[in-house]
Amino acid sequence: MRTARPLDGEAREVLDITREAKAELHLKSVELKVASDGREVLTDALGESMTGVPAQPDMHFRAGSVAFSYVGTALLQLVQEGKVRLDDTVERWLPTLPKANTITLRMLATNTTGLHDYVTDPAFLAELEAHPFRQWTPNQLLAYPYSHPFWYEPGTNWSYSHANYLLLIQALEKITGTRIDRFLRQRVTGPLGLDNTRNNFTPDIPRPALHAFTSERGLYEESTFWNPSWTTAPGAVITTHVCDLARSAAAIGGGELLSRRSYRTLLNPGTVGLGHATATCPATVCLEQTEARHFGLGVIVINGWVLQNPSFSGYAAIQAYLPSDRLAIAVNATKTKDTPEGNMAEVVAQRIAAALAPETPLAIG
């Protein structure tokens, strides 16, 4: 799957950038695929999966929030078909959700409900750190945001919460009568040919697996098989490899499965202009959503780039697509004990973008 040698100028430049970033950031491994106008620029993998085991481009890793881009796209397909409206309230599908009669599908999909994020709740984080192999249920996860008052009245502000997509997935299963893993396979990953992108109901990762390591509990340890059940609803906990991730970046970022109208909604479903601190929501939570940087419908839009950027349990990845240049960048990175904090796959992707699309920086940080 690696790009055949010898490499041409653009591929060589991307490889040199990646090698330099890997060394500077003290990464254990980097997998990447870059494509321009549908043409492969470079597919490669650097470093090790485990000691003495070279990383390969076909190794699978956890893709986390990439699943949200699939959920958003599938929801918009249902809207196109007239099966639901984005502004339908959700009480018929989620009767136990507080304020369900005012919360809409759009609000869940765009993070404008006002629900707290359990992933930043200190009580949840303490439990997750103490028990990384724990199997979580949706009700256990939702108990954390439900224990807090809403940050704001639904639809009036913006704040990120994993609870929104956990609930949206539950609603979609009720609406369609189909389990979410099967629904996303029918609607998104199947039509796109993402045969190496799949849901996992257990912490297993399809072989070959790229191993992950982290220092987040205070010691450098393997985290490959930490239980990812907390990341989203059962049936949408996905793994992938970097070639599927690049295909996903281009297809989702380019609106391949959507009408033009739905694609415009994917990129801005009404979030631009939202996000402001209030007496009950600090500026660190209610983040400003601008034309240059905002959350779309399951995707993030930054300076024209359409992306998702999962980072957890030692894995860090990004799928990014620039529609104006038809440029797709997919990177996955793992850590050594000396790797800086944060999503270092983003840093690698930013440097690649700066070389290939210098007039449109991938300005994430």
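In case you missed it, the structure is sitting above this.
Residues numbered from 1 in each chain as written. Predicted model: local features only at pLDDT ≥ 70, side-chain atom pairs only at ≥ 80, totals over all residues. Heavy atoms only, no water.

*Asks:* I'd like a rundown of the overall build of the protein chain, residues and numbers included.
*Replies:* Along the backbone of the protein chain there are 10 helices and 14 strands. Here the C-alpha radius of gyration of the protein chain, 20 Å, is about what a compact globule of 365 residues would show, namely 21 Å. Taking as baseline every contact in the protein chain between residues at least 6 positions apart, the subset at least 24 positions apart corresponds to 68%. Accessible area for the protein chain stands at about 14500 Å²; split by element, carbon and sulfur atoms hold 52% of it. Here the protein chain carries 32 positive and 37 negative side-chain charges, and the mean point of each set is 6 Å from the other. (Helix = DSSP H or I, 4+ residues; strand = E, 2+ residues; numbered from the N terminus. Rg over C-alpha atoms; globule rule 2.2 N^0.38 Å. Contact = heavy atoms within 4.5 Å. Areas by Shrake-Rupley, 256 points an atom, 1.4 Å probe, with all protein chains shown as cover. Lys, Arg positive; Asp, Glu negative; His and termini not counted. Charge placed at Lys NZ, Arg CZ, Asp CG, Glu CD.)

*Asks:* Account for the state of the cysteines, naming residues and giving values.
*Replies:* Under the counting rule described, the total for this entry stands at one disulfide. Here Cys281 engages in a disulfide with Cys286; their sulfurs sit 2.0 Å apart. Around the S-S axis, the bridge from Cys281 to Cys286 shows a dihedral of about 100° and counts as right-handed. We note that Cys281, like Cys286, is buried. (Disulfide = S-S within 2.5 Å. Buried < 20%, exposed > 50% of the residue type's maximum accessible area, 1.4 Å probe, protein only.)

*Asks:* Explain unusual backbone geometry residue by residue, including any values.
*Replies:* In this structure, Pro6 follows Arg5 across a cis peptide bond, with omega equal to 0°. Relative to the assigned elements, Pro6 resides in the segment before α1 (9-24). Omega for the peptide link from Arg207 to Pro208 comes to -5°, which places this bond in the cis form. Among the structural elements, Pro208 can be located in the loop between β5 (198-199) and β6 (213-214). One non-glycine residue, Asp37, lies in positive phi territory at about 55°. For Asp37, the position within the fold is in the loop between β1 (27-36) and β2 (39-50). Looking at Asp37, the relative accessible area reads 48%, which means it is partly exposed.

*Asks:* Explain the packing of aromatic side chains to me, using residue names and the numbers behind them.
*Replies:* One pass over the full model with this rule turns up 11 aromatic pairs. Consider the rings of Trp230 and Phe312, whose centres lie 5.7 Å apart with planes at 80°: the pair is edge-to-face. Pair noted here: Trp230 is in the loop between β7 (221-222) and β8 (238-240) and Phe312 is in strand β12 (residues 311-312), with a separation of 82 residues, a long-range link. Phe312 carries the same exposure label as Trp230, and that label is buried. Over the face of the ring belonging to Phe150 we find Lys99, whose NZ or CZ atom lies 4.7 Å from the ring centre. The ring of Trp136 carries the charged tip of Arg134 above its face, separated from the ring centre by 3.7 Å. (Phe/Tyr/Trp six-rings, centres within 6.5 Å; stacked < 30°, edge-to-face > 60°. Lys NZ or Arg CZ within 6 Å of the ring centre and 35° of its normal.)

*Asks:* Summarise the pattern of salt bridges; cite the residues concerned and give the values.
*Replies:* A full pass over the atoms with the stated rule returns 18 salt bridges. The shortest N-O distance in the salt bridge between Arg5 and Asp44 comes to 2.5 Å. With Arg5 in the segment before α1 and Asp44 in strand β2, the pair connects residues that are 39 residues apart, well separated along the chain. You can call Arg5 partly exposed: its relative accessible area is 43%. For Asp44, a relative accessible area of 2% translates into the label buried. (Salt bridge = Lys/Arg side-chain N within 4 Å of Asp/Glu carboxyl O.)

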